[in-house]
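Summary of structural features
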Amino acid sequence: MTAVASARPALRHRLAERGIDRTLLLLVPGLLVTACLFLYPFLYGLQLSFAPRKGGIFANYARFFGDPYLRNTIWTTLGIALPATFINVLASIPIAYVMRGRVRGKRLLTTILVVPITLGTVLTAQGLIMYGGPAGWLNKVLTVLGITDQPLPLIHNYTGVLLSLVITGFPFSFLLTLSYLSGIDPSLEKAAATLGANGVQRFRRITLPLLAPGLAITFCLSFVMAFSVFPSAQLVGDPANETRVISIAAYHAAFEEYDYSMGSAVAMLMAVVMLIVIGLVMAWRGTLYRGATGGKG
């Protein structure tokens, strides 16, 4: 019995055979931080959403979906976030494709493209008001040149919020797309070129399938940023009507009506909608390409 026990591998060796070793202990601090900063607030908000001021546990959700003014904030937000995300991701592909190679002044161009990240939402909104407002420089120039008879409505509406999300979100999408493209082995395209494939064929048959997993992640992260829009909808939008997004509804319930339970319910619905969109995108990713990514994608 003793000989059999001594011949049995130690616990740490058995765990190592399953890919578990002491290195995984390094994940403990990160998991604790995640639990403190994300899991606990989420679970607290979830249970608070089921504790309305009056009515049953689902009263907040019934009130939300029963009120068209509240219910329509979902579609309003999707109508802003999805186009902004598509524009940012699609625009980043050709620019990143060119910038991944040897381009003259590459560092300077990259710096210019990512500068809006440093501005923040408030400064971006202020810039839009200064340039695109009725008395802004852009409208003044267009009026002087005789292109328009009256100022273009570029702010305090849907257009203003969309422009703000594109300006602040494009650098993020560009950097992610560039990193994924840089991770694709260029020898694959060179091999295809030697077999007679032109540039369009190489991009469609090789680069795009390898880039698709990375584009899915980029789309999801960009969408989450756009869907949670709040300052832009307030500063350069029409927060009472055209750009009354779901985050404004949550803020109004929690900090104007002081109904924290209702505000939590709206926040939970925001999370559900984002998870649904992310799930659809990841399902599309799985059907499009299942092989190795050839790099960071």
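Residues numbered from 1 in each chain as written. Predicted model: local features only at pLDDT ≥ 70, side-chain atom pairs only at ≥ 80, totals over all residues. Heavy atoms only, no water.

Where we set the bar: UniProt positions are given in the numbering used here, feature names are shortened, and annotations may be inferred rather than shown by experiment.
As recorded in an unreviewed UniProt entry, the protein chain goes by the name ABC transporter permease, listed as coming from Amycolatopsis bullii. Quoted straight from UniProt, the Subcellular location (unreviewed entry) entry for the protein chain says "Cell membrane". The annotation that UniProt attaches to the protein chain under Sequence similarities (unreviewed entry) is "Belongs to the binding-protein-dependent transport system permease family. CysTW subfamily."

**Section: unusual backbone geometry**
Spelled out, the test is: Strands are runs of DSSP state E lasting at least two residues, helices are runs of H or I lasting at least four, and both sets are numbered from the N terminus onward. Burial classification: accessible surface area is computed with a 1.4 Å probe over protein chains only, and a residue below 20% of its type maximum counts as buried, one above 50% as exposed, and the rest as partly exposed.
Although it is not a glycine, histidine 156 sits at a positive phi angle of roughly 60°. Inspection of the secondary structure assignment puts histidine 156 in the loop between helix H8 (137-144) and helix H9 (158-182). Despite not being glycine, tyrosine 258 has its phi angle at roughly 55°, a positive value. Mapped onto the secondary structure, tyrosine 258 falls in the loop between helix H13 (246-256) and helix H14 (260-288). Take tyrosine 258: its relative accessible area is 54%, and that puts it in the exposed class.

**Regarding the layout of surface pockets**
Keep this limit in mind: Computed over the protein atoms alone on a 1 Å grid, cavities are sets of points where a 1.4 Å probe fits but cannot get out and pockets are open sets with protein on both sides within 12 Å along at least five of seven lines; a residue lines them when it has an atom within 4 Å of a point. Grid points are joined across faces, edges and corners, and a volume is the space filled by probe spheres set on the points. Here the term charged refers only to Asp, Glu, Lys and Arg, the term nonpolar to Ala, Val, Leu, Ile, Met, Phe, Trp, Tyr, Cys and Pro, and the term polar to all other amino acids, Gly among them.
What the largest pocket holds in volume is close to 290 Å³. What lines the largest pocket is a set of 20 residues, among which Thr121, Leu165, Thr168, Gly169 and Met225 lie closest to the centre. When residues of the lining of the largest pocket are traced back to their parent elements, those giving at least two are helix H5 (68-99), helix H7 (116-132), H9, helix H11 (199-227) and helix H12 (231-235). If you tally residues by element for the lining of the largest pocket, the top one is H9, at five residues. Here the lining of the largest pocket is built from residues that sort into 10 nonpolar, 10 polar and no charged.

**A closer look at the packing of helix H6 (residues 106-114) against H7**
Put simply, the test is: Lines fitted to the C-alpha atoms define the axes, with helices restricted to the stretch that makes contact. Angles between their N-to-C directions range from 0 to 180 degrees. We call two directions roughly parallel when the angle between them is under 35 degrees, roughly antiparallel when it is over 145, roughly perpendicular when it lies between 65 and 115, and oblique otherwise. Note on contacts: a residue pair qualifies if any of its non-hydrogen atoms lie within 4.5 Å across the two residues.
Here H6 crosses H7 at 15°, and the two axes come no closer than 7 Å. Judged by the inter-axis angle, H6 sits roughly parallel to H7. Residues Ile112, Leu113 and Val114 of H6 form the contact with H7, whose participating residues are Pro116, Ile117 and Thr118. Across the contact of H6 with H7, the residue classes tally to five nonpolar, one polar and no charged.

**Brief notes about the side chain of threonine 177**
The line we're drawing: Polar contacts, as used here, are pairs of N or O atoms within 3.5 Å; protein pairs need one atom able to donate a hydrogen and one able to accept it. Residues neighboring in sequence count only if both atoms are side-chain atoms.
Here threonine 177 shows up in helix H9. A distance of 3.1 Å separates polar atoms of two side chains, one belonging to threonine 177 and the other to serine 92. With residues near it in sequence (within four places) discarded, threonine 177 still touches Ser92, Ile93, Ala96, Leu211, Leu215 and Thr218.

**A few points about a nonpolar patch on the surface**
What counts is decided by this rule: A patch is a set of surface residues, each over 30% in relative accessible area and not in a salt bridge, joined within 9 Å for like charges and within 5 Å for the nonpolar side chains Val, Leu, Ile, Met, Phe, Trp and Tyr. Accessible surface is estimated by sampling points in the Shrake-Rupley manner with a 1.4 Å probe; for residues, cover comes only from the protein chains shown. Just to be clear on terms, a salt bridge is a Lys or Arg side-chain nitrogen sitting within 4 Å of an Asp or Glu carboxyl oxygen.
A grouping of Phe38, Leu39, Phe42 and Leu43 is seen on the molecular surface, where their side chains present a nonpolar patch of about 380 Å² in accessible area. Examined against the element boundaries, phenylalanine 38 turns out to sit in helix H3 (residues 27-49).

**As for the side chain of serine 222**
By secondary structure assignment, the location of serine 222 is in helix H11. Here serine 222 falls in the buried class, since its relative accessible area comes to 6%. Reaching out from serine 222, the side chain makes a polar contact with the side chain of serine 173 at a distance of 2.8 Å. At 2.8 Å, the side chain of serine 222 forms a polar contact with the backbone oxygen of threonine 218. When near neighbours in sequence (up to four residues on either side) are disregarded, serine 222 contacts Thr85, Val89, Phe172 and Ser173.

**With respect to the pattern of salt bridges**
For the structure shown, the criterion picks out four salt bridges. For arginine 63, the salt bridge identified is with aspartate 259, shortest N-O distance 3.5 Å. Of this pair, arginine 63 sits in helix H4 (residues 59-66) while aspartate 259 sits in the loop between H13 and H14, placing them 196 residues apart in sequence. A residue is classified by how much of its surface remains accessible, and arginine 63, at 37% relative accessible area, is partly exposed. Classification of aspartate 259 by relative accessible area gives buried; the value is 6%. With its nearest N and O atoms 2.1 Å apart, the salt bridge here joins glutamate 189 to arginine 100. Highlighted residues: glutamate 189 in helix H10 (residues 186-194) and arginine 100 in the loop between H5 and H6, separated in sequence by 89 residues.

**Quick look at the UniProt feature "transmembrane region" (unreviewed entry) in the protein chain**
The sites that carry the UniProt feature "transmembrane region" (unreviewed entry) are, in the present numbering, residues 24-43, 74-96, 108-131, 161-181, 210-230 and 265-284. Structurally, residues 74-96 comprises 100% helix and 0% strand, and the distance from its first C-alpha atom to its last is 32 Å. Span residues 108-131 is 96% helix and 0% strand, its end C-alpha atoms 24 Å apart.

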